[in-house]
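Close look at the chain arrangement
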Amino acid sequence: MVATAPETMSPPDRGIRWFLAKQTSWSRAVLGSGIAVLTLYIVGAIAVLTSHGWTGTCPEGVTRLECSPSDPLAAGLKSDGLGLVGMVTVVLGSVIVAAAIASWKRMPNRSAREAVISGGVLAAQAVTLSGALLWFRGTDIDRFARNFLNISLIGQKTGLVWDTVVDSIGSIAGVMLTWAAVVAGLVGVYAWLRKTGPRLVIYSALIAAGGGLVWGLISVASVPSFIRGAQNTLVLSGAGAALGFSLGLVLALFTMSKRRVVRAPARIYINFFRGTPLIWQIMFAGVGFVPALRLDLDMYTIAILVLGLNLGAYSSEVYRAGIQSLERGQIEASRTLGLSYFQSMRYVIMPQAIRRVIPPLLNEFVILIKDTSLVSVLGLTIAQKELLGIGRDIYSSSFDATAWLGAAAGYLIITLPMIGIVTIVEKRMRSGLTSVIG
Amino acid sequence: MNSDGTVVRLEGIHKWFGDLHVLRGIDLKIVPKEVVVLIGPSGSGKSTLLRTINVLEEPTEGKVFFDGVELTDIRTDLNRARTHMGMVFQQFNLFPHLNATDNITLALIKVLKLSKDEATTRAHAELEHVGLSDKVESYPSQLSGGQQQRVAIARSLAMQPKMMLFDEVTSALDPELIGEVLGVMQDLASEGMTMVVVTHEMGFAGRVGTRLLFMDDGVILEEGLPPEVINNPKHTRTQAFLAEVL
């Protein structure tokens, strides 16, 4: 008798419903109360602070010691209500942590065990956060709030007054639609000619709409000093990246030459720029080299050049690693077919290497975005200042350190999406999708 | 074809990798339609010798002639000479970012300057030749090892070479996939292609080869008709090697 092959089976469902069905009443209780105590802490704290208000107004001509827009927030932080939220969280959270520690090993299955552990960890996080809050309440909150929590300052300096934004929502949407339509039209023609699918069109239209949103917000902003700083940060890093990534590719090819006379200068260049601090390079170019040679370059151009030259050195090592990670057989097969060295690079090696180096190059780009802050050592004009320079300006005119927080928020708004893109690209590459998609 | 009737002529080839003397004075003539099979223990220099024929390895000493042109002369246009010599590798070396058709058309378009349509037509014909007309759109990662190797053979054949070099092309394949690749090579030999084959497949060597070279320690130790060498090796080293692999 011939054994028949079993029918193909779909993998068993291991989704959230299966996870919940595996729970015991105890594990459900621990996970539930862990979630509850963390939520209670966050929602409770926000509710107490909101009831006192996040920012306030002061009469004209009063000193910051007498009244600060941060006073309501400070009052909220000092209030008994917030203390109560903190104490309750610490007590409840500790009980849950203790219960989880005592019981996680006794759970009957893995799902229940994971639920108990997660509940305990969430409760521990709530305890840690509220412990930090209780400690913080013991410090000089008034002074801290006056210096760091003047949130209205950031709103003022970004010019993002929400009423204005809400009023102009129609015109912002108009800008977004126009941008998306124009880009979709152009890319659509390209996609139609190349007979590619609609996905490229949709993606580029979405990106264009995002650009339109940023542009719309900027155009309705009234005192856009932080926005202008962010623009300058983007221009400095964008132009620096364009220069640096192109230069890096050329340098990488030079360092892989079989001829020492080609390799040596490239290595000297790379080692010099990797071996000296970027801030030294910026200062030397800005206050030494360029003025001494009487070159007619303004500080902004110098900043872009130095950032690009520096990134060139770092990115060339990334390119080189990417190219050298390919199997030797690839170039051998290509040369065997009669392609020249440069044709092999262009059509066989680079298309594969570029895919591998995109995540590390994006990382270099994130680093570059932050390194643009170093150009603040150059005397840039107000219109040229980037985020950190703007933050410092506001601080030195207002003696309000909230400006530093504003600068940090600006960097995060730019870098977090980039970091997100790196993660997505890396995940796609690991799953092997990009090797199949042409 | 040149005056002495050879496709390939090697004269006094020596190759050192650092201090390692890999090829120690090789002289070899290959005439059209020959199927020369190179066997020998690993490290004997047979792959290096094969790679010397299309100057993937530049010999430290000696001359390589292909079709009467000296390839070791630096004034020779190697890229052009290589279009007439196909080579297939142990690791297939397909371009993973291109599908089967584009793997083949790349050199046709960029080197032979065919139009895209001509190149595609030729690529599809060659894929059919190796029995893969249903895989024209497939990427290398979607093909089995045997299929990848057949695409690699089709890629070389599409250049319409005068000879083909095979470097242990079945060594990386699962046993049940070896047959399909050897079959393609056997067909190619019966069509009159000049071939140099480095292999451990003694059955194939005896059946398809017109001449067998046994290499050991960087020299050609013994040569002759494949069945004669395999069944009646003269040199003790050859005997020992064949006793190991048969």
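The structure this text deals with has already been given above.
Not measured: the values here are computed from a predicted model.

Let's talk about the overall build of chain B
Helix and strand counts for chain B stand at nine helices and ten strands. Here the C-alpha radius of gyration of chain B, 18 Å, is about what a compact globule of 246 residues would show, namely 18 Å. In terms of principal-axis extent, the alpha carbons of chain B reach across some 55 × 45 × 35 Å. In chain B, buried positions account for 57% of the 246 residues. Once local pairs closer than 6 in sequence are excluded, the contacts in chain B between residues at least 24 apart make up 66%. Of the roughly 10500 Å² that chain B leaves accessible, carbon and sulfur atoms contribute 48%. Each charge sign in chain B was given a centre, from 23 positive and 33 negative side chains, and these centres are 5 Å apart.

So, the pairing of strand E9 (residues 211-216) of chain B
All names here are of chain B. With respect to burial, E9 is a largely interior element, six of its six residues being buried. Side chains Arg211, Leu213 and Met215 project from E9 onto one buried face, and the interleaved Leu212, Phe214 and Asp216 project onto a second face that is buried too. Bridging between strand E3 (residues 35-39) and E9 involves four bridges; their strand directions are parallel. The residue bridging Ile39 from the neighbouring strand is Phe214, located in E9. Relative to strand E10 (residues 219-224), E9 is paired through five bridges, and the arrangement is antiparallel. In the strand pairing of E10, Leu212 is matched with Gly224. Linking E9 to E10, which pair antiparallel, is a turn of two residues; within it Asp217 sits at a positive phi near 55 degrees.

Brief notes about the interface of chain B and chain A
Residue-level contacts link 24 residues of chain B with 21 residues of chain A. At the boundary of chain B and chain A, one finds one salt bridge. The closest approach of N and O atoms between Arg51 of chain B and Glu332 of chain A, which form a salt bridge, is 2.6 Å. At the boundary of chain B and chain A, one finds seven residue pairs in polar contact (both at pLDDT 80 or more). When residues of the side of chain B that touches chain A are traced back to their parent elements, those giving at least two are helix H2 (78-82), strand E6 (85-88) and helix H3 (100-110) of chain B.

A few points about the nonpolar core
Core analysis: the largest hydrophobic core is formed by 93 residues, its most contacted members being Leu10, Ile153, Met164, Phe166, Met185 and Met195 of chain B. Element by element, the count of residues in this core is highest for helix H6 (residues 175-190) of chain B, at eight residues. In contact with Met185 of chain B, not counting residues within four places along its chain, are Ile153, Phe166, Val169, Met195, Val197 and Phe204 of chain B. Residues Ala285, Val306, Ile414 and Val422 of chain A belong to the second largest nonpolar core, which totals 39 residues.

Definitions and limits used
Residues numbered from 1 in each chain as written. Chains lettered and ligands numbered in written order. Predicted model: local features only at pLDDT ≥ 70, side-chain atom pairs only at ≥ 80, totals over all residues. Heavy atoms only, no water. Helix = DSSP H or I, 4+ residues; strand = E, 2+ residues; numbered from the N terminus. Rg over C-alpha atoms; globule rule 2.2 N^0.38 Å. Buried < 20%, exposed > 50% of the residue type's maximum accessible area, 1.4 Å probe, protein only. Contact = heavy atoms within 4.5 Å. Areas by Shrake-Rupley, 256 points an atom, 1.4 Å probe, with all protein chains shown as cover. Lys, Arg positive; Asp, Glu negative; His and termini not counted. Charge placed at Lys NZ, Arg CZ, Asp CG, Glu CD. Pairing = 2+ DSSP bridges. Salt bridge = Lys/Arg side-chain N within 4 Å of Asp/Glu carboxyl O. Polar contact = N/O pair within 3.5 Å; in protein donor to acceptor, adjacent residues only side chain to side chain. Core = buried A, V, L, I, M, F, W, Y, C linked by side-chain atoms within 4.5 Å.

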